[in-house]
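Architecture at a glance
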There are 2 protein chains.
Amino acid sequence: MTNKKIPDIIIGRLPLYLRALERMTTEGAIVTSSKELGEWVGISAAQIRKDISQFGEFGKQGTGYNIDFLSKKLREIMNIDRVWDVAIIGAGDIGHGLARYQGFLDRGFRVALAFDIDPEKIGTKIGDVVVEDISKMVVSINDADVKIAMIAVPADNAQDVAEKLVKAGVKAILNYATIIINVPEDVRVQYIDPATHLQWMTYYL
Amino acid sequence: MTNKKIPDIIIGRLPLYLRALERMTTEGAIVTSSKELGEWVGISAAQIRKDISQFGEFGKQGTGYNIDFLSKKLREIMNIDRVWDVAIIGAGDIGHGLARYQGFLDRGFRVALAFDIDPEKIGTKIGDVVVEDISKMVVSINDADVKIAMIAVPADNAQDVAEKLVKAGVKAILNYATIIINVPEDVRVQYIDPATHLQWMTYYL
DNA sequence: TAGATTGTTAATCGATTAACAATC
DNA sequence: TAGATTGTTAATCGATTAACAATC
């Protein structure tokens, strides 16, 4: 039942489930079980069932889960049964990589805007969008009603950019800058930092 | 005490602590407390103390923690009190961004090797390294005794690359390809996938 | 000494697993 | 019907928090 608060840790597993289901679809499967799905994502069958049952009864006893149906439901739950426009701030290597990343469109996202401060980059095209002057960012994002942004600027400018994004109405930020940014409570931030990920593994080497 | 198994969840927080401590250092601080550090990283003071005490007694009652000393200890624990050579597989946008990423060197990593399959890219320089032919990857990585690699190739080739990396002796893989790769148990894999991170946030929008 | 803060124990909280009735 | 698998409850496990003696 969706009226009680679902723990973050469960929400964090839903994209994994969906990705595995999508993979199964491409391999031609129609139904799966909590056992099989669990093996794909490395999580116990009991936990898969428990997680999914937080949102409704999507399976059938004796049969398992219809993959298309469960995928659809997961997309609804995660709010990706639509396409979200996203903005990229910073048109360097990372910004370029993101703009040209092929994995967004079929997973609910479209790069709609890109910004940079460098006059040489403004006006050039990355992916399908033209890089705009960062001074127009707040207005453009506001006008386009974009709620999701990815920060790919140097660490020194990240906090400043974040504050402008908040002003523009952005509610979710994916931050590639190696710095913790401060934003209001109702704005979500995720960090992607290769060095931190590597450090997490060196402990075990 | 280091003889009992430390939970993964604690290991995962150590890089956050270290990053905050490094930031404090640049701001000129000498000592900190579990309370202050906790506020920086958004974790309770009790938990900070508990985590740190898993590895030894690094603080002083009444005073707190010496930032330099604690940083040094954390680096030792995480095995980054040395520089790890890393290899980049794939010299596209993401590979380029990684090769030129400034945050590696002062955090324990050096990009030592890069590979691509495209003849046009082989021989060119990205960051400080020359892109080698991917067919030489296993031998080169083996010779250089590199244990850490970052996969930045298309999803279709990721599993194949991963298997070659394992053959070359790599024990830690940071995977930017949008696909789950299968490797032996003693090889660690971390995934970086912007779409998955975004999906994690759209639930709350 | 008085105040502050650690390291650690015990209490609480939450998440995972095991088990099984319901049922396809 | 017999076999399989869900959804859910109870039991277990592990992580977080609260509290406080030790001590700088």
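Structure: above.
Residues numbered from 1 in each chain as written. Chains lettered and ligands numbered in written order. Predicted model: local features only at pLDDT ≥ 70, side-chain atom pairs only at ≥ 80, totals over all residues. Heavy atoms only, no water.

1. Section: the pattern of salt bridges
The test is simple: Each salt bridge in this description consists of a side-chain nitrogen of Lys or Arg and a carboxyl oxygen of Asp or Glu lying within 4 Å of one another. Secondary structure elements follow DSSP: runs of H or I of four or more residues count as helices, runs of E of two or more count as strands, with numbering from the N terminus. Burial classification: accessible surface area is computed with a 1.4 Å probe over protein chains only, and a residue below 20% of its type maximum counts as buried, one above 50% as exposed, and the rest as partly exposed.
Evaluated as defined, the whole model comprises 28 salt bridges over all chains. Measuring nitrogen to oxygen at the nearest pair gives 3.7 Å for the salt bridge that ties A:Glu39 to A:Lys35. In this pair, A:Glu39 and A:Lys35 are both assigned in helix H3 (residues 34-41), 4 residues apart and thus about one turn of the helix distant. Each member of the pair, A:Glu39 together with A:Lys35, is exposed. One salt bridge connects A:Lys171 with A:Asp186, and the closest N-O pair in it is separated by 2.8 Å. Placement of A:Lys171 in the loop between helix H8 (155-167) and strand S9 (172-175) and of A:Asp186 in the loop between S9 and strand S10 (188-191) is noted, with a sequence separation of 15 residues between them. The class of A:Lys171 is partly exposed, set by a relative accessible area of 31%. Connected through shared salt-bridge partners, A:Arg19, A:Arg107 and B:Asp193 make up one network.

2. Some words on the pairing of strand S7 (residues 129-133) of chain B
Residue and element names in this part refer to chain B. Worth spelling out the cut-off: At least two DSSP bridges between two strands are needed for those strands to be called paired.
Pairing of strand S5 (residues 109-116) with S7 involves 3 bridges; the strand directions are parallel. Among the inter-strand pairings, alanine 114 is bridged to a residue of S7, identified as valine 131. Bridging between strand S6 (residues 125-126) and S7 involves 2 bridges; their strand directions are antiparallel. Its bridge partner lying in S7, isoleucine 126 is registered against valine 129.

3. Concerning the interface of chain A and chain B
Basically, it comes down to this: The criterion used for residue contact is that any of the two residues' heavy atoms lie within 4.5 Å. Two parts placed together each lose some accessible area under a 1.4 Å probe, and the buried area is that loss summed for both.
Contact residues are listed per partner, giving 54 residues for chain A and 53 residues for chain B. Roughly 5500 Å² is buried in total at the junction of chain A and chain B, and carbon and sulfur atoms are behind 67% of that figure. A per-residue breakdown of the area chain A buries against chain B is headed by A:Gln199, A:Trp200 and A:Tyr203, which together make up 13% of the total. At the boundary of chain A with chain B, the tally comes to 6 salt bridges.

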